Amino acid sequence: MNTDSFHYAAPWWLPGGNAQTLWAALASRRHFGPAPTWTRSRWNTPDGDFIDVDHAQPTAAAGAPLLVLFHGLEGSSASQYAVAFADFAATHGLAFAVPHFRGCSGELNHAPRAYHSGDFEEIDWILRRFAAEHPGRPLMAAGVSLGGNALMRWAAEMGESASRHVRAVASICSPLDLAAGGHAIGRGFNRLIYTRMFMASMVPKALKKLDQHPGLFDRSALLAARDLFEFDNLFTAPLHGFRDTPDYWSRASAKPVLHQIRVPALALNARNDPFVPAASLPTQQQVGRHVTLWQPEQGGHVGFPVSHGALGLPGHVRAMPEAVGHWLLAHL
């Protein structure tokens, strides 16, 4: 496979970024082989909390490369892209793991914090532990949406030392400019569909966090929040050391620091992504020689469905993991 670019063409029956996003998430085929099965490990965090890590089974051969996937906002190992990447890994004999950000594995974490788009310290200790537990395996990491921004922030913060832990990293449909993405998801159709979907998951979890830690934030104000800007202002930003939403979105964005990356890195963004305005995407001059940019015109947000089956239906989402996975493997 050519790993220099990703030549994606959407099916004729899925016009536009919203259709490509929603169909991929709700109706498309995720795996060609058997559905992945998972073995879960609980890791204690440096601050006395925990995360859950799902390892795809069966276990790959000793010494096989390990691919670690960081999920997106409110994602998990059950997300369509995680299942598709697990299928890619099984097909190519790779070990594969999905570490869950705090509170995303189905059980609320203990600490008075959750996770956020710039959580590179969390990425750091997770990747260090994977490297320590699998010293004979070359390590690659990919991150989807929120997880990709955090991964790129980590690569930028680490600079030259990132290569001690990973051979290559990739971000997929990540809002590398968080302000642009945050404002985009709060408008029009996005607000009606995607904002409501995320808020329906995030608000109840935040309220459970308040039950754990009374006084952590203003309950009535959070219940009145109607978009991610307001939610981040009341919950995400103050719980993770940011002044407010603009401070969080500014300091957590990976785009301003992509030029600091010194390990092979891929940033894949469809230019019709409903969450990530094309005008906000980085240019090659902004990122430097270590970062490869794939910016196909079509694909939606973590979509990239491909025709499959009778009349091209229902379509599958294995093309994107295949392209990204081969790009990562090429840097081993």
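Residues numbered from 1 in each chain as written. Predicted model: local features only at pLDDT ≥ 70, side-chain atom pairs only at ≥ 80, totals over all residues. Heavy atoms only, no water.

Participant: Looking at this structure, how should I read the overall build of the protein chain?
Facilitator: Scanning the protein chain from N- to C-terminus turns up eleven helices and eight strands. For the protein chain, whose C-alpha radius of gyration is 19 Å, the value lies close to the compact-globule estimate of 20 Å for 332 residues. By principal-axis analysis of the C-alpha atoms, the protein chain measures approximately 55 × 45 × 40 Å. Pairs at least 24 apart in sequence give 76% of the contacts found in the protein chain among residues at least 6 apart. One way to put it: in the protein chain the 27 positive side-chain charges average out to a point 2 Å from where the 26 negative ones average out. (Helix = DSSP H or I, 4+ residues; strand = E, 2+ residues; numbered from the N terminus. Rg over C-alpha atoms; globule rule 2.2 N^0.38 Å. Contact = heavy atoms within 4.5 Å. Lys, Arg positive; Asp, Glu negative; His and termini not counted. Charge placed at Lys NZ, Arg CZ, Asp CG, Glu CD.)

Participant: Honestly, the side chain of Arg153 in this entry has me stumped. Any pointers?
Facilitator: Note on placement: Arg153 falls in helix H4 (residues 146-158). Within the structure, the side chain of Arg153 is placed 3.4 Å from the backbone oxygen of Arg251, a separation counted as a polar contact. With near-sequence residues (within four places) excluded, Arg153 lies in contact with Phe120, Arg251, Ala252, Ser253, Ala254 and Val257. (Polar contact = N/O pair within 3.5 Å; in protein donor to acceptor, adjacent residues only side chain to side chain.)

Participant: Help me understand the pattern of salt bridges, please; the structure alone is not making it clear to me.
Facilitator: A side chain with one charge may pair with a side chain of the opposite charge, provided their charged atoms come close. Per the stated rule, a full pass over the model turns up 18 salt bridges. A salt bridge links Arg243 to Asp244; its shortest N-O distance comes to 3.9 Å. With relative accessibility at 23%, the residue Asp244 sits in the partly exposed group. With a shortest N-O distance of 2.9 Å, Arg318 and Glu322 are connected by a salt bridge. Classification of Arg318 as buried rests on a relative accessible area of 3%. Using a relative accessible area of 18% as the deciding quantity, one classes Glu322 as buried. Overlapping salt bridges, with partners in common, bring together Asp47, Asp49, Arg102 and Glu122 in one network. (Salt bridge = Lys/Arg side-chain N within 4 Å of Asp/Glu carboxyl O. Buried < 20%, exposed > 50% of the residue type's maximum accessible area, 1.4 Å probe, protein only.)

Participant: Got a minute to help me understand the sheet that holds strand S7 (residues 265-268) in this structure?
Facilitator: Backbone-to-backbone hydrogen bonds join strands into a sheet, with any given pair of strands oriented parallel or antiparallel. A sheet is described by the order of its strands in space; here eight strands give the open sequence S1-S2-S4-S3-S5-S6-S7-S8, paired in mixed fashion. In the strand order of this sheet, the two ends are held by strand S1 (37-44) and strand S8 (291-294), each with one partner. Strand-to-strand twist of the sheet, defined as the mean angle between neighbouring strand axes without regard to direction, takes the value 20°. Bridging between S1 and strand S2 (residues 50-57) involves eight bridges; their strand directions are antiparallel. Bridged to Arg42 within S2 is Asp52. Against the sheet, helix H3 (residues 120-133) contacts S1, S2, strand S3 (66-70), strand S4 (95-99) and strand S5 (139-144), and its axis sits at roughly 110° relative to S1. (Pairing = 2+ DSSP bridges. Axes fitted to C-alpha atoms, helices over the stretch in contact; angles between N-to-C directions.)

Participant: Just to check I follow, could you spell out the environment of Asp177 for this structure?
Facilitator: When you line up the elements, Asp177 lands in the loop between strand S6 (168-172) and helix H5 (178-185). Counting along the chain gives 104 residues from Asp177 to Leu281, while the straight-line C-alpha distance between them is 7.5 Å. Residues within four places of Asp177 in sequence aside, it is in contact with Ser253, Lys255 and Ser280. A polar side-chain atom of Asp177 sits 3.3 Å from the main-chain amide nitrogen of Ala179.

Participant: In this structure, what is going on with the nonpolar core? I would like to understand it.
Facilitator: As a rule of thumb, soluble globular proteins bury nonpolar side chains together. The biggest cluster of nonpolar side chains holds 63 residues, and the ones touching the most others in it are Phe70, Leu127, Phe130, Met152, Trp154, Val169 and Ile261. Not counting the four nearest positions on each side in its chain, Ile261 is found in contact with Met152, Ala155, Ala156, His290 and Val291. Listed in part, the 32 residues of the second largest apolar core include Tyr8, Ala168, Trp294 and Val302. (Core = buried A, V, L, I, M, F, W, Y, C linked by side-chain atoms within 4.5 Å.)

Participant: What is the right way to look at unusual backbone geometry in this model?
Facilitator: The general pattern is negative phi for most residues beyond glycine and trans for most peptide bonds. Here the amide bond leading from Gln57 into Pro58 is cis, since omega sits at 0°, within 30 degrees of zero. Relative to the assigned elements, Pro58 resides in the loop between S2 and S3. In this structure, Ser145 is a non-glycine residue whose phi angle is positive, near 55°. Tracing the backbone through its elements, the reader meets Ser145 in the loop between S5 and H4. Backbone geometry places Val302, a non-glycine residue, at a positive phi of 50°. Mapped onto the elements, Val302 comes out in the loop between S8 and helix H11 (319-329).

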